[in-house]
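The residues making up each chain are set out below.
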Amino acid sequence: MHKKVLLTGVTGFLGSHTTIQLLNKGYEVIGTLRDVKRSETIKAIIAKHIKNINHLSFYEINLSDSTDKWKVAMKGVDYIVHIASPFPTVLPKHENDIILPAKNGTLNILKAATASGVKRVVVTSSTGSVVYGERKNGTFTEKDWTNVSNKKDTTPYFRSKTIAEKSAWDYVKNNKNAPELVTILPGAILGPILDKSDYGTSANLIKKLMDGSMPAMPRIGFEMVDVRAVADTHIKALESPNASGNRYLCISGYMEFRGLAKILKKEFPNSKIPSKTLPNFMVKLFSKFDKETKPILNDLGTKRLVDNSKIKKELNWSPISLTESIKTTAQSLIDLNII
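1. Details of the sheet that holds strand β1 (residues 4-8)
- Ordered by their spatial adjacency, seven strands build an open sheet running β3-β2-β1-β4-β5-β7-β10, and the pairing between neighbours is parallel. Two strands close off the open sheet at either side, each with one partner strand: β3 (56-60) and β10 (246-250). Neighbour to neighbour, the strand axes of the sheet diverge by 20 degrees on average, direction disregarded.
- Pairing of strand β4 (residues 79-82) with strand β5 (residues 120-124), which is carried by four bridges, proceeds in the parallel orientation.

Here's what the structure looks like:
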């Protein structure tokens, strides 16, 4: 009998990769999506990477839908991997447009999981729920939390991830029949893109470096990780008996834009990769005209590092090198004619 997993956000970058790995390990997957019309497209994409597409089905639902509707989706489900979360490329006019769906969606899923007798829920959070709002430099661990009251050093997206994750932990703490909970906190996610319509904001950074739309680079760096390694982490979090009740920071390493550019220049010498660096004041000025730049302003002049020793030790997890992640991201952008 195959173990059944309900996975939210099956059409997304991380969702599709996690679905592929689950299916290849023999799980049965019910993937949720907002529009069932997309099911045939994503099914065709996933089918290229798996042996048995018959173990994949779909369920149309929104994060804002009722607990009762989520309960229908969870009939016979053993585990839940909750990846779906609002992630706009530009800052929303009203922050609650992303905070409330992230928080309420997570709680609806946990309530339905409790009523349905689901064993364990793995929630995708973010390093953004750890490293902001308190200090701009240094190394952070799973014991740290982003301070959402410091709006100068947090974005609506990172506040949404923090609030949703905290709400999940509070729910489990206050409900004795709640399922086991594990949260995975990846950095900026790179790696091979499967679908040109939904490939993640982090991969868009590589696109901007290669297509000439970024004439010079900001002095900004992030903790990064490969999508395949993040997908693997979610499955390890499902399977490891000792993972319950834990947060896991999931990163491969820290790199600035100039480091990304150096690797890309070596591997793709014909691309329009910038060589100049923008002064901080120019980045701030540029952000007034380019809305996609605004969310990264909090990382100007900072170096927020993350300790990944816990995930390596407790989940026996091995990261994929950043060089490999950057190369495969870029190559897939080319192969899919995105650049």
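Still more ground to cover, so stick around.
2. Topic: the packing of helix α4 (residues 96-116) against helix α5 (residues 156-174)
- At a closest axis distance of 8 Å, the pairing of α4 and α5 adopts a crossing angle of 25 degrees. Classified by the interaxial angle, the pair formed by α4 and α5 is roughly parallel. Of the two possible hands of crossing, α4 and α5 adopt the one that is right-handed. Taking contact as the criterion, the partners of I98, I99, A102, K103, T106, L107, L110, K111 and T114 in α4 are, on α5, P156, Y157, R159, S160, I163, A164, S167, A168 and Y171.

3. Brief notes about empty space enclosed by the protein
- Per the stated rule, a full pass over the model turns up one cavity of 30 Å³ or more.
- Approximately 90 Å³ is the volume attributed to the largest cavity.
- Lining the largest cavity are 14 residues, and of these S85, T106, T124, K161 and A164 sit closest to its centre.
- Of all the elements in the fold, those that place two or more residues in the lining of the largest cavity are α4, β5 and α5.

Cut-offs used in this document
Per chain, the residues get numbers from 1 upward, laid out in the order the sequence is written. This being a predicted model, a pLDDT of at least 70 is required before a residue's local features are given, and a value of 80 or more before pairs of side-chain atoms are given or counted; all residues contribute to the totals for chains, interfaces and linings. To get the side-chain values, take all heavy atoms of the structure and skip hydrogens and water. Strands pair, by our definition, only if DSSP identifies at least two bridges between them. By definition, any uninterrupted DSSP run of H or I lasting at least four residues is a helix, any uninterrupted run of E lasting at least two residues is a strand, and each is numbered from the N terminus. In this description, a line fitted to the C-alpha atoms serves as the axis of each element, helices being fitted only across the stretch in contact, and the angle between N-to-C directions of two axes falls anywhere from 0 to 180 degrees. Orientation labels follow simple angle bins: below 35 degrees gives roughly parallel, above 145 gives roughly antiparallel, 65 to 115 gives roughly perpendicular, and whatever is left gives oblique. Working rule for handedness: look at the near helix, and if it is turned counterclockwise from the far one by less than a right angle, call the crossing left-handed; if clockwise, right-handed. In what follows, residue pairs with any heavy atoms lying within 4.5 Å of each other are defined as contacts. As defined here, a cavity is a set of points on a 1 Å grid over the protein atoms alone where a 1.4 Å probe fits but cannot get out. A pocket is an open set with protein on both sides within 12 Å along at least five of seven lines, and residues line them when an atom is within 4 Å of a point. Grid points are joined across faces, edges and corners, and a volume is the space filled by probe spheres set on the points.

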